[in-house]
Amino acid sequence: MATAAERLWGAALRRSSVLTDCRFSWHKNLSLRKTLVIWKQPPLRTFFTDRRKLHAAPVVRTFRLRPFHFLVATGGGYAGYRQYEKYKEEQLEKMGIEIPIKLASEWEVSLYKSVPTRLLSRAWGRLNQVELPTWLRKPVYSLYIWTFGVNMKEAAVEDLHHYRNLSEFFRRKLKPQSRPVCCYHSVISPSDGKILNFGQVKNCEVEQVKGVTYSLESFLGPCTSTEDMQFSQTSSHNSFQNLLVTKEGNELYHCVIYLAPGDYHCFHSPTDWRVSHRRHFPGSLMSVNPGVARWIKELFCHNERVVLTGDWKHGFFSLTAVGATNVGSIRIYFDRDLRTNSPCYSKGSYNDFSFITNNNKEGIPMRKGEHLGEFNLGSTIVLIFEAPKDFNFHLKPGQKIRFGEALGSL
């Protein structure tokens, strides 16, 4: 018979065998479950170091190429490249070195025009109409003043809390003594800005900047029937340029003034003249800063613009307000029917309006320095006018000019 010690030893061995079987069965099931989990999940890459084991997630799960990210990256890179090119051009200008002309290709212009600048400009216009809380006005306007170098000492109202929204701030009036009108020269600057180009119109082509031209006829549009009757009496040539010259011995001149965002945004009459006709060209709203004007040929013909034509003491005279990005709103004070940056328009179309009627044979008389219109933000003014051959500009390309200062005289 087995002793008590032997029975106890046998029972201990049986319990140990049962526990071993249970542990093996649990480990077997756990291994199976792990195998199933690993089979369901993508394989993980394992890296061994001296201290610990690291697991790296699959590349497919951590990086996905999405169209939005791609567009932001490429668009941001291209914008950065253009800013770098602009910076180099500014440095070359400061050094007095002539900047080589690099015109945009057709696909670049088409890509630029595909950007919804008209929609963005309308949104910007509505944002400008939003009334700002009194406590927020000074910080917002101060940031704009610091960014664009606005001189508020010239403003009729220097208190920033007076301007309820951005639109009122952009259209602020100046103190009368801050812009004296020159009385000794026949043509003055209609606005503050920078002189991009000036001179005679040659071969029906106008320079928007040095070396980059646009068609005079594309810019002004065809002559109206009234103009054809008037100009054909003194013109013996068929060219559009000769149709505009009404007096023998005269030449056609032009001057381009760029208004920066920090400039005074209203424009005035540059001389004593009569406005007889208005032509509105709906179009794109691309930027008109000097860098873009040097890059895109016929930029002013692509953009929306309002052409005012008439006559002064020496013959034909015109003033054109060219729209730009965030400057879809062009206002002419005496023309209440004018509506710019409309949501729908026909490409290549234009709208005519005559100020000469049965009751008004003279049109709209404008005195030199009189308020004429305004932009919502900086843009461009183009003057094209007829004058005798001894007309001289008192300007230099690239110089800053203020409203009331002399452009030229006989």
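For the structure itself, look to the data block above.
Since the structure is predicted, the reported quantities are computational estimates derived from the model, not experimental observations.

With that settled, the discussion passes to the overall build of the protein chain. Looking only at helices and strands, one finds 12 helices and 19 strands in the protein chain. Looking at the protein chain as a whole, 43% of its 410 residues are labelled buried. Across the protein chain, every contact between residues at least 6 apart in sequence was considered, and the portion connecting residues at least 24 apart equals 75%.

Let us now look at the packing of aromatic side chains. Using the criterion set out here, one finds 24 aromatic pairs in the structure. Geometrically, the ring pair formed by tryptophan 312 and phenylalanine 317 is edge-to-face, given 5.5 Å between the ring centres and 65° between the ring planes. Each member of the pair, tryptophan 312 as well as phenylalanine 317, carries the same accessibility label: buried. An aromatic cluster of three or more residues is present, and its members are Phe198, Tyr253, Trp273, Trp312, Phe317, Phe385, Phe391 and Phe393. A cation over an aromatic ring shows up here: arginine 172 above the ring of phenylalanine 169, its NZ or CZ 4.9 Å from the ring centre. Arginine 305 extends its terminal NZ or CZ atom over the ring of phenylalanine 281, reaching a point 4.0 Å from the ring centre.

Grouped together as the largest cluster of nonpolar side chains are 36 residues, with contacts concentrated most on Leu216, Phe219, Leu220 and Phe300. Discounting chain neighbours no more than four positions away, the residues touching phenylalanine 300 are Gln208, Tyr214, Phe219, Val256, Val288, Arg305, Val322, Thr380 and Val382. Membership of the second largest hydrophobic core comes to 32 residues, among which are Tyr253, Ile257, Leu338 and Phe355.

Right, let's talk about the sheet that holds strand 15 (residues 371-375) for a bit. Reading across the sheet, the 3 strands line up as 8-15-12 and stay open at both edges, with antiparallel pairing between neighbours. Looking at which strands have only one partner, the edges of the open sheet turn out to be strand 8 (266-268) and strand 12 (330-332). Across the sheet, the mean angle separating the axes of adjacent strands is 20° when strand polarity is ignored. In terms of strand pairing, strand 8 meets strand 15 through 3 bridges, oriented antiparallel. Opposite phenylalanine 267, over in strand 15, you have glycine 373 as the bridge partner.

Read from one edge to the other, the open sheet built from 3 strands follows the order 3-19-17, with strand pairing classed as antiparallel. Looking along the sheet, the strands with just one partner apiece sit at the ends: strand 3 (187-188) and strand 17 (392-393). Taken together, the 2 bridges between strand 3 and strand 19 (residues 406-409) define a ladder with antiparallel strand orientation. Paired with valine 187 across the two strands is glycine 408, which belongs to strand 19.

Across the 8 residues of strand 11 (residues 315-322), 8 count as buried, placing the element largely inside the fold. If you look at the hairpin formed by strand 10 (residues 305-312) and strand 11, you'll find 2 residues sitting between the two strands. Sheet analysis places strand 11 next to strand 16 (residues 380-388), joined by 6 bridges and oriented antiparallel. Bridging from a neighbouring strand, phenylalanine 317 pairs with phenylalanine 385 of strand 16.

Its identity is not glycine, yet asparagine 203 carries a phi of approximately 55°, on the positive side. Within the fold, asparagine 203 resides in the loop between strand 4 (193-200) and strand 5 (205-209). Positive phi values are uncommon outside glycine, yet cysteine 204 reaches one of about 60°. Mapped onto the secondary structure, cysteine 204 falls in the loop between strand 4 and strand 5.

For the structure shown, the criterion picks out 16 salt bridges. One salt bridge in this structure joins aspartate 311 and arginine 274, with 3.1 Å as the shortest N-O distance. You can see aspartate 311 sitting in strand 10 and its partner arginine 274 sitting in strand 9 (residues 273-281), a full 37 residues away along the chain. A salt bridge links arginine 274 to glutamate 362; the nearest nitrogen and oxygen atoms lie 2.6 Å apart. Of this pair, arginine 274 sits in strand 9 while glutamate 362 sits in the loop between strand 13 (351-354) and strand 14 (364-366), and the two are 88 residues apart along the sequence. The class of arginine 274 is partly exposed, set by a relative accessible area of 30%. On the basis of relative accessible area, glutamate 362 is assigned to the partly exposed category, the value being 46%. One continuous salt-bridge network, built from bridges that share partners, spans Glu154, Arg179, Asp192, Arg402 and Glu405.

With that settled, the discussion passes to the environment of glutamate 158. Its place among the elements puts glutamate 158 in the loop between helix 6 (134-148) and helix 7 (166-170). Between the C-alpha atom of glutamate 158 and that of arginine 172, which follows or precedes it by 14 residues, the distance is 9.5 Å. The contact partners of glutamate 158, leaving out residues within four places of it in the chain, are Met152, Lys153 and Lys175. Of the polar contacts made by the side chain of glutamate 158, one reaches the side chain of lysine 175; its length is 2.8 Å.

Residues three or four positions apart in an α-helix share a direction because the helix packs 3.6 residues into each turn. The end-to-end C-alpha distance of helix 6 is 22 Å, a good match for the 21 Å that 15 residues give at a rise of 1.5 Å each. Within helix 6, the full set of buried residues consists of Arg137, Tyr141, Tyr144 and Ile145. Taken around the axis of helix 6, the buried residues stretch over an arc of 100°, which confines them to a single face. For helix 6, the exposed residues set more than 90 degrees away from the buried face come down to Trp135, Leu143 and Trp146. In this structure, the buried side of helix 6 is in contact with helix 7. Trailing helix 6 by a residue or two, glycine 149 shows a phi angle of about 65°, which is positive.

What counts as what
Residues numbered from 1 in each chain as written. Predicted model: local features only at pLDDT ≥ 70, side-chain atom pairs only at ≥ 80, totals over all residues. Heavy atoms only, no water. Helix = DSSP H or I, 4+ residues; strand = E, 2+ residues; numbered from the N terminus. Buried < 20%, exposed > 50% of the residue type's maximum accessible area, 1.4 Å probe, protein only. Contact = heavy atoms within 4.5 Å. Phe/Tyr/Trp six-rings, centres within 6.5 Å; stacked < 30°, edge-to-face > 60°. Lys NZ or Arg CZ within 6 Å of the ring centre and 35° of its normal. Core = buried A, V, L, I, M, F, W, Y, C linked by side-chain atoms within 4.5 Å. Pairing = 2+ DSSP bridges. Axes fitted to C-alpha atoms, helices over the stretch in contact; angles between N-to-C directions. Salt bridge = Lys/Arg side-chain N within 4 Å of Asp/Glu carboxyl O. Polar contact = N/O pair within 3.5 Å; in protein donor to acceptor, adjacent residues only side chain to side chain. Expected span 1.5 Å × (residues − 1). Arc of directions from axis to C-beta.

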